[in-house]
Amino acid sequence: MAKVLIAGGGIAGTITAIALHETGHEPVIHEAYDRTAEGVGAFLTLAVNGLDALGPLRLKGLVKGLGFDTPRIKMHLGNGRELADFALGGQLEDGTVSQTVLRSDLYMGLRDEAVRRGIEIRYGKRLADAHETGDGVLATFEDGSSAEGDLLIGADGLRSRVRTIIDPRAPSPRYVPLLNTGGLAEGLRLDDEPGVMHMTFGKRLFFAHVVHPDGGVWWFANVPRKREPSPADPAVTATWREDLIRQLAVDRTPAVEIVRATREIYRPWPTYDFPSVPTWRTDRMVIIGDAAHATSPAAGQGAAMAIEDAVTLARCLRDVSSIPKALAVYEGLRRERVEAVVERGKRNGDDKAAGPVGRVIRDFFLTRAFKNPPEEDPNAFMWRHRIDWEAPVAS
């Protein structure tokens, strides 16, 4: 049994702790913030490959109970033309399909389950530094405390401190020229079938919405933004709602009604990804999730990739004879896949940032592509992936 220090108490860190606990290790989560993330964050759609990986951890039912089925997508152009109606990521053998869930609900459900299983979570523990001690690792925190363990896992996100400890020359995240925003509209009744995601390549913005089974409308928008914004940028001021409405009004969609019916619009945030992070590990430290391979939301795989990481790492630490070897095997199993997902997410997102001329070209090629779709879905490799929890990992 190894004592494992986990930096980051979000979705990636909590599922990693649960997976390690299932394999007999002793994980301790160290969360930088001094409070939980209840009510924080937007929503996400969790792909079936991520849901399948949760099955052996007895978490799939919990997650399905928090969200709602999202089995299909309808794609549109801004002029109202429907391009396609197709399955969103297939389904599992038991009929499970993609689930849309509030990020905070997912976080709280996983956190409560981790605590129920006896996993320790320490709040207000922002990692300052760490170094290997030969047969372990010593982590120090900004509050002056420290912790020792056999392994340190960096599940600390896009701005990972563990990543820079492992490699001070690690690359910075790549800005993808899109801002993200969204919200939950109330008191608006659309004729759409609940659970069907409607996505529109608008003349100025990419807009998506889905009707919740209770009648509410969940939505997000991607706003092209060539220059990476700072927190004080005018793009995130009080005029944000009016700017969105102005840009959405040129399209034949219910987007303007939806935005007007939204009490609180999410403060916009930039999109980033990592084409490749050269160094993921040392003998006693490793990064997972967004810390190692953040992907554009256009891939629809951010949470699923973190879940796959957690389950794969736990299997490696369960079956491989030493921690250094287990981390090497883990990287070998994950790197090629996650970098392919990041690349696919970048390509999917590029169409959302087209300018006036590029939009005309984009719409032409989108129309032709959906009229004559390829025999094989180019995104299928992402959601068809399965992890066999019971199969031993070879070193």
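The coordinates are above.
### What to know about the environment of arginine 347
And step 1. Mapped onto the elements, arginine 347 comes out in helix α10 (residues 323-350).
And step 2. In this structure the C-alpha to C-alpha distance between arginine 347 and isoleucine 121, which are 226 residues apart in sequence, comes to 38 Å.

### Let's talk about the sheet that holds strand β11 (residues 146-149)
And step 1. Pairing in this open sheet of three strands is antiparallel, and the strands run β9-β10-β11 from one edge to the other. At either end of the open sheet lies a strand with only one pairing partner, and these are β9 (127-132) and β11. Pairwise comparison of adjacent strand axes, ignoring direction, gives a mean angle of 20° for this sheet.

### Quick word on α10
And step 1. For α10, which comprises 28 residues, the first-to-last C-alpha distance of 39 Å matches the rise-based estimate of 40 Å (1.5 Å per residue) to within 8%.
And step 2. The largest bend in α10 is about 35°, located at arginine 334.
And step 3. A distance of 3.3 Å separates the backbone nitrogen of lysine 325 from a side-chain oxygen at the start of α10, and that oxygen is part of serine 322.

### Brief notes about the environment of serine 296
And step 1. As for its position among the elements, serine 296 is in the loop between α8 (290-293) and α9 (302-319).
And step 2. On the basis of relative accessibility, which here comes to 2%, the residue serine 296 falls in the buried class.
And step 3. When the C-alpha atoms of serine 296 and valine 223 are compared, they prove to be 14 Å apart, with 73 residues separating the residues in sequence.

### Here's the deal with the pairing of strand β1 (residues 3-7)
And step 1. A large share of β1 lies buried, amounting to four of its five residues.
And step 2. In the sheet, β1 pairs with strand β2 (residues 26-30) via five bridges, with the strands oriented parallel. Of the residues in β2, the one forming a bridge with alanine 7 is histidine 30.
And step 3. Crossover β1 to β2 through helix α1 (residues 11-22) is right-handed.
And step 4. Both β1 and strand β12 (residues 151-154) contribute to a ladder of four bridges, which runs parallel. Counterpart to alanine 7 in the pairing with β12 is glycine 154.

### Remarks on the packing of aromatic side chains
And step 1. What the rule picks out here adds up to eight aromatic pairs.
And step 2. When the centroid spacing of 5.4 Å and the interplanar angle of 55° are considered together, the rings of phenylalanine 43 and tryptophan 218 count as tilted. Residue phenylalanine 43 is found in strand β3 (residues 43-46), and its partner tryptophan 218 is found in strand β16 (residues 217-224); the two are separated by 175 residues along the sequence. As far as the burial class goes, phenylalanine 43 and tryptophan 218 line up, both buried.
And step 3. Here arginine 126 stacks its cationic end above the ring of tyrosine 33, 5.2 Å away from the centre of that ring.
And step 4. Lying across the ring of tryptophan 389, arginine 318 places its NZ or CZ 5.2 Å from the centre.

### Looking at the packing of α9 against α10
And step 1. Where α9 meets α10, the closest approach of the two axes is 9 Å, and the angle between their N-to-C directions is 155°. The orientation of α9 relative to α10 falls into the category roughly antiparallel. For the crossing formed where α9 meets α10, the hand is right-handed. Side by side, α9 and α10 meet where Met305, Glu308, Asp309, Thr312, Leu313, Cys316 and Leu317 of the first sit next to Ile323, Ala326, Leu327, Val329, Tyr330, Leu333, Arg334, Arg337, Val338 and Val341 of the second.
And step 2. Per-class residue counts for the contact of α9 with α10 are twelve nonpolar, one polar and four charged.

### With respect to the sheet that holds strand β5 (residues 72-77)
And step 1. Taken in spatial order, the seven strands line up as β6-β5-β14-β15-β16-β13-β17 in an open sheet, and their pairing is mixed. Strands at the two margins of the open sheet, each flanked by one partner only, are β6 (82-87) and β17 (269-273). Here the strands of the sheet are splayed against their neighbours by 20° on average, with no regard to which way each runs.
And step 2. Relative to β6, β5 runs antiparallel, the two sharing five bridges. Bridge assignment links arginine 72 to a residue of β6, and that residue is alanine 87.
And step 3. Its contacts with the sheet place helix α6 (residues 240-248) against β13 (174-185), β15 (206-211) and β16, and it is angled at close to 85° to β16.

### Comments concerning the packing of α1 against α9
And step 1. Interaxial distance between α1 and α9 falls to 9 Å at its minimum, and their mutual angle equals 30°. Between α1 and α9, the angle falls in the class roughly parallel. In terms of crossing hand, the pair formed by α1 and α9 is right-handed. For the pair α1 and α9, the contacting residues are Ala12, Ile15, Thr16, Ala19 and Leu20 in the first and Ala306, Ile307, Ala310, Ala314 and Leu317 in the second.
And step 2. The class makeup of the residues in the contact of α1 with α9 is nine nonpolar, one polar and no charged.

### Comments concerning the side chain of histidine 293
And step 1. Residue position: histidine 293 is located in helix α8.
And step 2. With relative accessibility at 4%, the residue histidine 293 sits in the buried group.
And step 3. Residues within four places of histidine 293 in sequence aside, it is in contact with Phe274, Trp280, Met305, Asp309, Val338 and Val342.

What counts, and at which threshold
- All residue numbers refer to positions counted from 1 along the written sequence of the respective chain.
- The predicted nature of this model means local features are confined to residues of pLDDT at least 70 and side-chain atom pairs, given and counted, to a pLDDT of 80 or more, with totals for whole chains, interfaces and linings taken over all residues.
- By convention in this description, side-chain values take in all heavy atoms of the structure and omit both hydrogens and water.
- Only DSSP runs of H or I reaching four residues or more are called helices, and only runs of E reaching two or more are called strands; each is numbered from the N terminus.
- Only strands that DSSP links by at least two bridges are regarded as paired with each other.
- Fitted lines through C-alpha atoms serve as axes, helices being fitted only where they are in contact, and the angles separating the N-to-C directions of these axes extend from 0 to 180 degrees.
- A helix is expected to span 1.5 Å multiplied by its residue count minus one.
- What the bend at a residue measures is the angle between two axes, fitted to the seven residues ending there and to the seven starting there.
- Definition of a polar contact: a pair of N or O atoms within 3.5 Å, with one able to donate and the other able to accept a hydrogen when the atoms are protein atoms, and with sequence-neighbouring residues admitted only if both atoms are side-chain atoms.
- Relative accessibility decides the category of a residue: with a 1.4 Å probe and only protein chains considered, values under 20% of the type maximum give buried, values over 50% give exposed, and everything between is partly exposed.
- Assignment of crossover handedness uses the view with strands pointing away from the viewer, where a clockwise path from the first strand over the helix to the second indicates a right-handed crossover.
- Any pair of Phe, Tyr and Trp rings, taking the six-membered ring for Trp, is counted once the centres come within 6.5 Å. Such a pair is stacked with planes under 30 degrees apart, edge-to-face with planes over 60 apart, and tilted for the rest.
- Distance and angle both matter: a charge sits over a ring if NZ of Lys or CZ of Arg is within 6 Å of the ring centre and within 35 degrees of the ring normal.
- Each angle gets one of four labels, with under 35 degrees taken as roughly parallel, over 145 as roughly antiparallel, 65 to 115 as roughly perpendicular, and the rest as oblique.
- It is the rotation of the near helix from the far one that decides the hand of a crossing: anticlockwise by less than a right angle makes it left-handed, clockwise makes it right-handed.
- Contacts between residues were defined by any pair of non-hydrogen atoms, one from each residue, lying within 4.5 Å.
- Put simply, Ala, Val, Leu, Ile, Met, Phe, Trp, Tyr, Cys and Pro go in the nonpolar bin, Asp, Glu, Lys and Arg in the charged bin, and everything else, Gly too, in the polar bin.

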